[in-house]
Amino acid sequence: MDTEEKPTLFDRIGGEAAVDAAVDLFYQKVLADERIKHFFEGVDMKRQASHQKKFLTFAFGGSAGYSGKNMRAAHKRLVEDMGLNESHFQAVMENLGATLQELGVPDDLIGEAAAIAHSTKDDVLNK
Ligand code: HEM
């Protein structure tokens, strides 16, 4: 393994400014996606925006402190009462990829972001 200090993905993508740029686009895509928009109905706007921001910061490797326990608790109701499953998780991942592509993020960085987001799947789906 290489032992050189490497900036985090969050830094390489452009830090908080990049997250802010991505939030609006990601938010529009998620809320327009018939496969998943119902999960956000009745969730207040502030929490929705906070979700998009936290999701993207996490995917960019900027919030390593998130525990699986938090992810489980945040999505438990969605799994138990609304049937959140793999197909919905996949839809969110597609929206993430499409957002970053539209913003001109290079494919290798998109791949890294997708891998980080994917690592939370079992926790988000309460598996
Ligand atoms: C990498 C995967 C994900 C991450 C990192 C993530 C992150 C989070 C976080 C941090 C919260 C708590 C927000 C807060 O209370 O301020 C949350 C809540 C929420 N998440 Fe996710 N999420 C992921 C996947 C998903 C998926 C696949 C869906 C639905 C398709 C979803 C829908 C929601 C909704 C609707 C809430 C609000 C729940 C409520 O207010 O009761 N999330 N998420």
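Definitions and limits used
Residues numbered from 1 in each chain as written. Predicted model: local features only at pLDDT ≥ 70, side-chain atom pairs only at ≥ 80, totals over all residues. Core = buried A, V, L, I, M, F, W, Y, C linked by C-beta atoms within 7 Å. Buried ≥ 20, exposed ≤ 12 C-beta atoms within 10 Å, placed from the backbone. Helix = DSSP H or I, 4+ residues; strand = E, 2+ residues; numbered from the N terminus. Contact = placed C-beta atoms within 7 Å. Near = placed C-beta within 6 Å. Nonpolar A, V, L, I, M, F, W, Y, C, P; charged D, E, K, R; others polar. Expected span 1.5 Å × (residues − 1). Arc of directions from axis to C-beta. Axes fitted to C-alpha atoms, helices over the stretch in contact; angles between N-to-C directions. Parallel < 35°, antiparallel > 145°, perpendicular 65-115°, else oblique. Left-handed = near helix turned anticlockwise from the far one by under 90°. UniProt positions renumbered as here; feature names shortened; annotations may be inferred. pLDDT = per-residue confidence, 0-100.

1. Topic: the nonpolar core
And step 1. With 23 residues, the main nonpolar core has Ala22, Phe26, Leu56, Ala59, Phe60 and Leu96 as its most contacted residues.
And step 2. Broken down by secondary-structure element, the contributors of at least two residues to this core are α1 (9-13), α2 (15-32), α3 (45-59), α5 (86-102) and α6 (107-118).
And step 3. With 7 residues, the single largest contributor to this core is α2.
And step 4. If we ignore the near neighbours within four places in the chain, the residues touching alanine 22 are Leu56, Thr99, Leu100 and Leu103.

2. Details of the site of the ligand
And step 1. Near the ligand there are 21 residues, and of these Ile36, Lys54, Ala74, Val92 and Ala117 occur at the shortest range.
And step 2. At 6 residues, α3 tops the list of elements feeding residues into the shell around the ligand.
And step 3. A per-class count over the shell around the ligand returns 13 nonpolar, 5 polar and 3 charged.

3. A word on α3
And step 1. Helix length check: α3, at 15 residues, gives a terminal C-alpha distance of 21 Å against a target of 21 Å (1.5 Å per residue), a fit within 8%.
And step 2. Residues of α3 that are buried: Gln52, Phe55, Leu56, Phe58 and Ala59. Buried positions in α3, seen along its axis, are confined to an arc of 160 degrees and lie on one side of it. Set apart from the buried face of α3 by more than 90 degrees, the exposed residues are Lys46 and Arg47.
And step 3. Of the residues one or two after α3, glycine 61 is the one with positive phi, at around 75 degrees.

4. With respect to the packing of α5 against α6
And step 1. Between α5 and α6, the least distance of the axes is 10 Å, while the angle of their chain directions is 155 degrees. Between α5 and α6, the crossing angle belongs to the class labelled roughly antiparallel. Helix-helix and strand crossings are classified by hand; for α5 and α6 the assignment is right-handed. The residues of α6 that touch α5, namely those facing Met93, Leu96, Gly97, Leu100 and Gln101, are Ile110, Ala113, Ala114, Ala117 and His118.

5. Re the UniProt feature "binding site: heme" (unreviewed entry) in the protein
And step 1. The sites that carry the UniProt feature "binding site: heme" (unreviewed entry) are, in the present numbering, His51 and His75. Across 25 residues in sequence, these annotated residues keep their C-alpha atoms within 11.2 Å of one another, forming a single compact spot.
And step 2. Summarising the element assignment, histidine 51 is placed in helix α3.
And step 3. For histidine 51, a count of 18 C-beta atoms within 10 Å puts it in the partly exposed group.
And step 4. Note that histidine 75 resides in helix α4 (residues 68-82).
And step 5. Overall, histidine 75 belongs to the partly exposed group, with 19 C-beta atoms counted inside 10 Å.
And step 6. When neighbours within four sequence positions are excluded, histidine 75 is seen to be in contact with Leu84, Val124 and Asn126.

6. Quick word on the confidence of the model for the protein
Interpreting fine coordinate detail is not advised for predicted regions of low pLDDT.
And step 1. Mean pLDDT for the protein: 89, with 94% of residues reaching 70 or above.
And step 2. Confidence, expressed as mean pLDDT per element, reaches its minimum in the protein at α3 with 84 and its maximum at α5 with 96.
And step 3. Taken over the whole predicted complex, pTM reads 0.89, whereas the ipTM for its chain interfaces reads 0.92.

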